[in-house]
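Here's the letter readout for the chains.
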Amino acid sequence: MENKITKRTDLLDRKGHVIKPGYATKMLYNYNKENIKAHPFALKEWDFYQIYCGDYILKMTIGNISYIANFSAELFNVTTKESYSFSRMKPLPLKSIVLPNDPEQPSLIRVEGKDYTMSFEVQKTHRQLKLTAKDDKIGAINIDIVLNNDITNEKMVIATPFAKKTKFYLNCKENYFGGKGIIAFGQRRVELNENSTAVLDWGRGVWPFSQEWFWGNGSAIIEGNHFGFNIGWGFGDLKNASENMFFWNGKAYKLGRLHTEIDTTDYMKPWKFRDEEGKFQFVMTPIYDQVTDTKVAFIQMYCHQLFGSFDGVVMLPDGKKVIINNLLAFCEHAKNRW
(Lines give C-alpha, C1' and ligand atoms only; values in the text may rest on other atoms or scores of the structure.)
Protein backbone atom coordinates (compact mmCIF):
# COMPACT_ATOMS: atom_id res chain seq x y z
CA MET A 1 0.00 0.00 0.00
CA GLU A 2 1.42 3.38 -1.01
CA ASN A 3 1.32 6.25 1.46
CA LYS A 4 -0.88 9.10 0.20
CA ILE A 5 -0.39 12.45 1.90
CA THR A 6 -3.68 14.32 2.35
CA LYS A 7 -2.75 17.06 4.83
CA ARG A 8 -0.09 19.75 4.87
CA THR A 9 3.09 18.49 6.53
CA ASP A 10 6.70 19.51 7.01
CA LEU A 11 9.09 17.59 4.79
CA LEU A 12 11.99 17.21 7.25
CA ASP A 13 12.29 16.76 11.00
CA ARG A 14 15.06 18.40 13.04
CA LYS A 15 17.44 15.56 12.17
CA GLY A 16 16.95 16.21 8.45
CA HIS A 17 14.93 13.01 7.93
CA VAL A 18 11.80 12.81 5.75
CA ILE A 19 8.88 12.77 8.19
CA LYS A 20 6.24 11.20 5.95
CA PRO A 21 7.60 9.56 2.78
CA GLY A 22 4.84 9.22 0.22
CA TYR A 23 2.99 10.92 -2.60
CA ALA A 24 0.35 13.60 -3.05
CA THR A 25 -1.60 15.20 -5.90
CA LYS A 26 -0.89 18.73 -4.63
CA MET A 27 2.21 20.23 -3.02
CA LEU A 28 1.31 19.37 0.56
CA TYR A 29 4.92 19.21 1.73
CA ASN A 30 6.41 22.26 3.39
CA TYR A 31 9.97 22.35 2.03
CA ASN A 32 11.58 23.39 5.31
CA LYS A 33 15.13 23.43 3.98
CA GLU A 34 16.43 25.00 7.20
CA ASN A 35 16.29 21.42 8.63
CA ILE A 36 18.64 19.97 6.00
CA LYS A 37 21.59 18.22 7.61
CA ALA A 38 24.13 17.97 4.81
CA HIS A 39 27.20 19.66 3.39
CA PRO A 40 26.27 22.91 1.59
CA PHE A 41 27.56 21.44 -1.70
CA ALA A 42 25.13 18.50 -1.46
CA LEU A 43 21.91 20.42 -2.13
CA LYS A 44 20.42 20.11 -5.63
CA GLU A 45 17.55 22.32 -6.84
CA TRP A 46 16.12 22.96 -10.30
CA ASP A 47 13.10 24.00 -12.34
CA PHE A 48 12.96 22.25 -15.72
CA TYR A 49 10.33 22.71 -18.43
CA GLN A 50 9.87 20.62 -21.57
CA ILE A 51 7.47 22.02 -24.17
CA TYR A 52 6.04 20.21 -27.21
CA CYS A 53 5.26 22.22 -30.37
CA GLY A 54 4.45 19.71 -33.09
CA ASP A 55 7.72 17.91 -33.91
CA TYR A 56 9.74 20.52 -32.01
CA ILE A 57 10.75 20.10 -28.38
CA LEU A 58 11.99 22.96 -26.20
CA LYS A 59 13.82 22.35 -22.92
CA MET A 60 14.54 25.13 -20.44
CA THR A 61 16.40 24.73 -17.14
CA ILE A 62 17.38 26.94 -14.25
CA GLY A 63 19.27 24.71 -11.85
CA ASN A 64 21.52 25.20 -8.85
CA ILE A 65 23.44 22.20 -7.50
CA SER A 66 25.38 24.40 -5.06
CA TYR A 67 28.85 24.02 -6.53
CA ILE A 68 27.65 24.97 -10.04
CA ALA A 69 24.51 26.52 -11.55
CA ASN A 70 23.20 25.88 -15.05
CA PHE A 71 20.92 28.05 -17.20
CA SER A 72 20.05 26.43 -20.51
CA ALA A 73 17.61 26.23 -23.40
CA GLU A 74 17.55 23.70 -26.20
CA LEU A 75 15.31 23.38 -29.25
CA PHE A 76 15.30 20.30 -31.46
CA ASN A 77 13.12 18.52 -34.00
CA VAL A 78 12.53 14.81 -33.32
CA THR A 79 11.94 14.08 -37.02
CA THR A 80 14.62 16.10 -38.80
CA LYS A 81 17.13 16.07 -35.88
CA GLU A 82 17.65 19.84 -36.34
CA SER A 83 18.87 21.25 -33.03
CA TYR A 84 19.99 24.46 -31.30
CA SER A 85 21.28 24.90 -27.77
CA PHE A 86 22.26 27.63 -25.35
CA SER A 87 23.92 27.07 -21.97
CA ARG A 88 25.69 29.13 -19.35
CA MET A 89 27.20 27.92 -16.08
CA LYS A 90 28.06 29.77 -12.88
CA PRO A 91 30.64 28.15 -10.60
CA LEU A 92 30.08 28.17 -6.84
CA PRO A 93 26.71 29.96 -6.80
CA LEU A 94 25.80 28.52 -3.37
CA LYS A 95 22.91 30.66 -2.06
CA SER A 96 23.24 33.51 -4.57
CA ILE A 97 20.59 31.88 -6.78
CA VAL A 98 17.40 31.29 -4.82
CA LEU A 99 14.78 28.95 -6.26
CA PRO A 100 11.21 28.90 -4.90
CA ASN A 101 10.21 26.54 -2.08
CA ASP A 102 6.78 25.78 -3.60
CA PRO A 103 6.05 25.05 -7.29
CA GLU A 104 2.41 26.12 -7.01
CA GLN A 105 2.80 29.57 -5.46
CA PRO A 106 3.56 32.78 -7.41
CA SER A 107 7.30 33.24 -7.83
CA LEU A 108 9.99 34.73 -10.03
CA ILE A 109 13.43 33.31 -10.85
CA ARG A 110 15.66 35.66 -12.84
CA VAL A 111 19.30 35.14 -13.83
CA GLU A 112 21.50 37.19 -16.09
CA GLY A 113 24.99 37.56 -17.49
CA LYS A 114 26.77 39.77 -19.98
CA ASP A 115 25.04 38.14 -22.99
CA TYR A 116 21.79 36.71 -21.59
CA THR A 117 18.77 37.24 -19.35
CA MET A 118 16.55 34.31 -18.36
CA SER A 119 13.46 34.13 -16.15
CA PHE A 120 10.68 31.81 -15.02
CA GLU A 121 7.62 33.56 -13.57
CA VAL A 122 4.68 31.75 -11.97
CA GLN A 123 1.27 33.37 -11.60
CA LYS A 124 -2.09 31.83 -10.70
CA THR A 125 -3.29 31.69 -14.31
CA HIS A 126 -0.06 31.25 -16.27
CA ARG A 127 3.67 30.52 -16.29
CA GLN A 128 5.94 32.74 -18.37
CA LEU A 129 9.33 31.51 -19.56
CA LYS A 130 11.73 34.01 -21.12
CA LEU A 131 15.24 34.06 -22.53
CA THR A 132 17.06 36.73 -24.51
CA ALA A 133 20.64 35.92 -25.48
CA LYS A 134 23.37 36.29 -28.04
CA ASP A 135 25.29 33.30 -29.37
CA ASP A 136 28.31 33.46 -31.67
CA LYS A 137 27.06 30.60 -33.85
CA ILE A 138 23.28 30.90 -33.61
CA GLY A 139 22.88 34.65 -33.39
CA ALA A 140 20.01 36.19 -31.46
CA ILE A 141 17.95 33.90 -29.21
CA ASN A 142 14.53 35.05 -28.08
CA ILE A 143 12.08 32.90 -26.12
CA ASP A 144 8.90 34.38 -24.67
CA ILE A 145 6.17 31.85 -23.99
CA VAL A 146 3.18 31.64 -21.68
CA LEU A 147 1.80 28.30 -20.49
CA ASN A 148 -1.77 28.04 -19.26
CA ASN A 149 -1.75 27.30 -15.53
CA ASP A 150 -4.90 25.87 -13.91
CA ILE A 151 -4.27 25.79 -10.16
CA THR A 152 -7.02 23.15 -9.69
CA ASN A 153 -5.11 20.58 -11.76
CA GLU A 154 -3.73 17.63 -9.84
CA LYS A 155 -0.10 16.64 -10.28
CA MET A 156 2.53 14.16 -9.14
CA VAL A 157 4.26 15.07 -5.87
CA ILE A 158 6.57 12.61 -4.12
CA ALA A 159 8.92 12.71 -1.11
CA THR A 160 11.52 9.98 -1.43
CA PRO A 161 14.11 9.03 1.22
CA PHE A 162 17.40 7.22 0.64
CA ALA A 163 19.28 4.61 2.67
CA LYS A 164 21.14 7.42 4.44
CA LYS A 165 18.32 9.19 6.23
CA THR A 166 19.66 12.74 5.81
CA LYS A 167 19.31 12.37 2.03
CA PHE A 168 15.96 13.00 0.33
CA TYR A 169 14.23 14.01 -2.90
CA LEU A 170 11.14 16.24 -3.09
CA ASN A 171 9.74 16.25 -6.61
CA CYS A 172 6.74 17.75 -8.38
CA LYS A 173 5.82 16.99 -11.97
CA GLU A 174 2.87 18.71 -13.66
CA ASN A 175 1.54 18.59 -17.22
CA TYR A 176 0.25 21.74 -18.93
CA PHE A 177 -2.01 22.23 -21.92
CA GLY A 178 -2.06 25.09 -24.38
CA GLY A 179 -0.08 28.28 -24.48
CA LYS A 180 1.17 31.06 -26.68
CA GLY A 181 4.41 32.71 -27.60
CA ILE A 182 7.48 32.35 -29.76
CA ILE A 183 10.74 30.43 -29.71
CA ALA A 184 13.47 31.90 -31.92
CA PHE A 185 17.00 30.55 -32.31
CA GLY A 186 18.56 32.70 -35.03
CA GLN A 187 16.39 32.31 -38.13
CA ARG A 188 14.47 29.31 -36.76
CA ARG A 189 11.12 30.40 -35.32
CA VAL A 190 8.53 28.14 -33.66
CA GLU A 191 5.19 29.24 -32.20
CA LEU A 192 3.07 27.67 -29.47
CA ASN A 193 -0.64 27.08 -29.99
CA GLU A 194 -3.65 25.59 -28.24
CA ASN A 195 -2.38 22.04 -28.94
CA SER A 196 1.04 22.61 -27.41
CA THR A 197 1.73 20.78 -24.15
CA ALA A 198 4.44 20.92 -21.50
CA VAL A 199 5.75 19.31 -18.35
CA LEU A 200 7.37 20.91 -15.30
CA ASP A 201 9.98 18.87 -13.43
CA TRP A 202 10.55 20.67 -10.09
CA GLY A 203 13.20 19.01 -7.95
CA ARG A 204 14.74 19.72 -4.54
CA GLY A 205 16.96 17.34 -2.67
CA VAL A 206 20.14 15.94 -1.21
CA TRP A 207 21.20 12.75 -3.02
CA PRO A 208 24.01 10.25 -3.16
CA PHE A 209 26.64 11.46 -5.66
CA SER A 210 25.99 8.63 -8.14
CA GLN A 211 22.43 7.91 -9.23
CA GLU A 212 20.53 6.03 -11.94
CA TRP A 213 16.88 6.33 -12.90
CA PHE A 214 14.18 5.96 -15.56
CA TRP A 215 11.62 8.71 -16.14
CA GLY A 216 8.84 9.04 -18.71
CA ASN A 217 6.18 11.68 -19.31
CA GLY A 218 3.76 12.78 -21.99
CA SER A 219 0.54 14.68 -22.58
CA ALA A 220 -1.96 15.39 -25.32
CA ILE A 221 -5.47 16.57 -25.99
CA ILE A 222 -7.55 13.45 -26.78
CA GLU A 223 -10.95 14.23 -28.33
CA GLY A 224 -11.12 17.45 -26.33
CA ASN A 225 -9.94 15.83 -23.09
CA HIS A 226 -6.65 16.52 -21.33
CA PHE A 227 -4.54 13.36 -20.94
CA GLY A 228 -1.10 12.99 -19.41
CA PHE A 229 1.08 10.47 -17.64
CA ASN A 230 4.19 10.30 -15.48
CA ILE A 231 6.22 7.16 -14.77
CA GLY A 232 9.55 6.64 -13.01
CA TRP A 233 11.62 4.16 -11.05
CA GLY A 234 15.11 3.28 -9.88
CA PHE A 235 15.69 6.32 -7.69
CA GLY A 236 15.78 6.19 -3.88
CA ASP A 237 13.65 4.11 -1.52
CA LEU A 238 10.27 3.77 -3.26
CA LYS A 239 8.57 1.41 -0.81
CA ASN A 240 6.25 4.20 0.40
CA ALA A 241 5.26 5.48 -3.05
CA SER A 242 6.12 5.48 -6.73
CA GLU A 243 5.72 8.41 -9.10
CA ASN A 244 3.53 6.43 -11.53
CA MET A 245 0.30 8.26 -12.39
CA PHE A 246 -1.88 9.21 -15.29
CA PHE A 247 -4.02 12.34 -15.59
CA TRP A 248 -7.42 12.86 -17.17
CA ASN A 249 -9.12 16.25 -17.29
CA GLY A 250 -7.21 17.61 -14.31
CA LYS A 251 -7.54 14.56 -12.05
CA ALA A 252 -4.68 12.26 -11.08
CA TYR A 253 -5.07 8.46 -11.04
CA LYS A 254 -2.42 6.57 -9.10
CA LEU A 255 -0.67 3.57 -10.59
CA GLY A 256 1.27 0.94 -8.70
CA ARG A 257 4.50 -0.67 -9.80
CA LEU A 258 5.16 -1.07 -13.52
CA HIS A 259 6.32 -4.12 -15.41
CA THR A 260 8.67 -3.00 -18.16
CA GLU A 261 10.44 -4.50 -21.14
CA ILE A 262 13.43 -2.33 -22.12
CA ASP A 263 16.57 -3.38 -23.96
CA THR A 264 19.33 -1.05 -22.78
CA THR A 265 21.72 -2.60 -25.32
CA ASP A 266 19.50 -1.27 -28.12
CA TYR A 267 17.44 1.73 -27.01
CA MET A 268 15.68 1.96 -30.39
CA LYS A 269 13.78 -1.28 -29.82
CA PRO A 270 10.16 -0.87 -28.57
CA TRP A 271 9.72 -0.11 -24.86
CA LYS A 272 6.78 -1.81 -23.12
CA PHE A 273 5.02 -0.66 -19.94
CA ARG A 274 2.09 -2.10 -17.99
CA ASP A 275 0.93 -1.71 -14.43
CA GLU A 276 -0.13 -4.55 -12.15
CA GLU A 277 -3.85 -3.78 -12.35
CA GLY A 278 -4.20 -3.28 -16.11
CA LYS A 279 -4.95 0.45 -15.86
CA PHE A 280 -1.98 1.52 -17.98
CA GLN A 281 -0.59 -0.45 -20.94
CA PHE A 282 1.65 1.18 -23.53
CA VAL A 283 4.28 0.47 -26.13
CA MET A 284 6.71 3.22 -27.09
CA THR A 285 8.23 2.96 -30.56
CA PRO A 286 11.34 5.19 -30.41
CA ILE A 287 12.02 7.66 -33.21
CA TYR A 288 14.82 9.73 -31.66
CA ASP A 289 17.45 9.03 -29.03
CA GLN A 290 18.79 12.27 -27.62
CA VAL A 291 22.02 11.28 -25.90
CA THR A 292 23.55 13.62 -23.32
CA ASP A 293 27.08 13.03 -22.07
CA THR A 294 28.31 16.13 -20.25
CA LYS A 295 31.54 16.08 -18.25
CA VAL A 296 32.76 19.02 -16.19
CA ALA A 297 35.64 18.15 -13.82
CA PHE A 298 34.28 15.37 -11.55
CA ILE A 299 30.67 15.86 -12.71
CA GLN A 300 29.07 13.68 -15.39
CA MET A 301 25.51 13.72 -16.70
CA TYR A 302 24.81 10.79 -19.01
CA CYS A 303 21.32 10.15 -20.38
CA HIS A 304 19.47 8.45 -23.22
CA GLN A 305 16.19 10.37 -23.64
CA LEU A 306 14.04 8.40 -26.06
CA PHE A 307 11.25 10.24 -27.85
CA GLY A 308 8.74 8.05 -29.60
CA SER A 309 5.20 7.14 -30.43
CA PHE A 310 3.21 5.86 -27.43
CA ASP A 311 0.31 3.55 -28.30
CA GLY A 312 -1.90 1.96 -25.67
CA VAL A 313 -4.80 2.27 -23.29
CA VAL A 314 -5.66 3.63 -19.85
CA MET A 315 -8.59 2.56 -17.70
CA LEU A 316 -10.65 5.17 -15.84
CA PRO A 317 -12.21 4.31 -12.45
CA ASP A 318 -15.69 3.94 -14.04
CA GLY A 319 -14.35 1.23 -16.36
CA LYS A 320 -14.07 3.40 -19.45
CA LYS A 321 -11.08 2.62 -21.63
CA VAL A 322 -9.28 5.51 -23.27
CA ILE A 323 -7.36 4.50 -26.39
CA ILE A 324 -4.20 6.51 -27.08
CA ASN A 325 -2.54 6.34 -30.48
CA ASN A 326 0.61 7.97 -31.82
CA LEU A 327 1.27 10.15 -28.77
CA LEU A 328 4.67 11.87 -28.97
CA ALA A 329 6.25 11.45 -25.53
CA PHE A 330 9.47 10.21 -23.95
CA CYS A 331 11.14 7.89 -21.49
CA GLU A 332 14.75 8.35 -20.40
CA HIS A 333 17.50 6.33 -18.77
CA ALA A 334 19.99 8.44 -16.84
CA LYS A 335 23.23 7.62 -15.03
CA ASN A 336 24.58 10.73 -13.34
CA ARG A 337 27.50 11.60 -11.10
CA TRP A 338 26.77 15.05 -9.66
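This one's a predicted model, so the numbers in the text were calculated from it and none came from an experiment.

*Asks:* Which parts of the structure should I look at to understand the pairing of strand E18 (residues 225-233)?
*Replies:* Across a regular strand the side chains alternate sides, sitting on one face of the sheet and then on the other. Judged from the nine bridges that link them, strand E17 (residues 210-222) and E18 form a sheet pairing that is antiparallel. Opposite Ala220, over in E18, you have Phe227 as the bridge partner. Between the antiparallel neighbours E17 and E18 lie two residues, among them Glu223 with a positive phi of about 50 degrees. Direction of pairing for E18 relative to strand E19 (residues 245-248): antiparallel, over a ladder of four bridges. By the bridge assignment for E19, Asn230 is matched with Met245.

*Asks:* Got a minute to help me understand the pattern of salt bridges in this structure?
*Replies:* Note on pairing: side chains with opposite charge can pair once their charged atoms come close. Summed over all chains, the structure comprises 15 salt bridges. Measuring nitrogen to oxygen at the nearest pair gives 2.7 Å for the salt bridge that ties Lys254 to Glu2. With Lys254 in strand E20 (residues 251-254) and Glu2 in the segment before strand E1 (9-10), the pair connects residues that are 252 residues apart, well separated along the chain. With respect to burial, Lys254 and Glu2 carry one shared label: buried.

*Asks:* So what exactly am I meant to see when it comes to unusual backbone geometry here?
*Replies:* Most peptide bonds are trans, and most residues other than glycine sit at a negative phi. Phi at Leu92 is positive, roughly 50 degrees, even though this residue is not glycine. Along the chain, Leu92 falls in the loop between strand E7 (83-91) and strand E8 (107-113). Of note in the backbone geometry, Asn326 takes a positive phi value of approximately 55 degrees without being a glycine. By the secondary structure assignment, Asn326 is in strand E25 (residues 321-337).

Rules and cut-offs
Residues numbered from 1 in each chain as written. Predicted model: local features only at pLDDT ≥ 70, side-chain atom pairs only at ≥ 80, totals over all residues. Heavy atoms only, no water. Pairing = 2+ DSSP bridges. Helix = DSSP H or I, 4+ residues; strand = E, 2+ residues; numbered from the N terminus. Salt bridge = Lys/Arg side-chain N within 4 Å of Asp/Glu carboxyl O. Buried < 20%, exposed > 50% of the residue type's maximum accessible area, 1.4 Å probe, protein only.

All we've got here are geometric facts, nothing functional implied.
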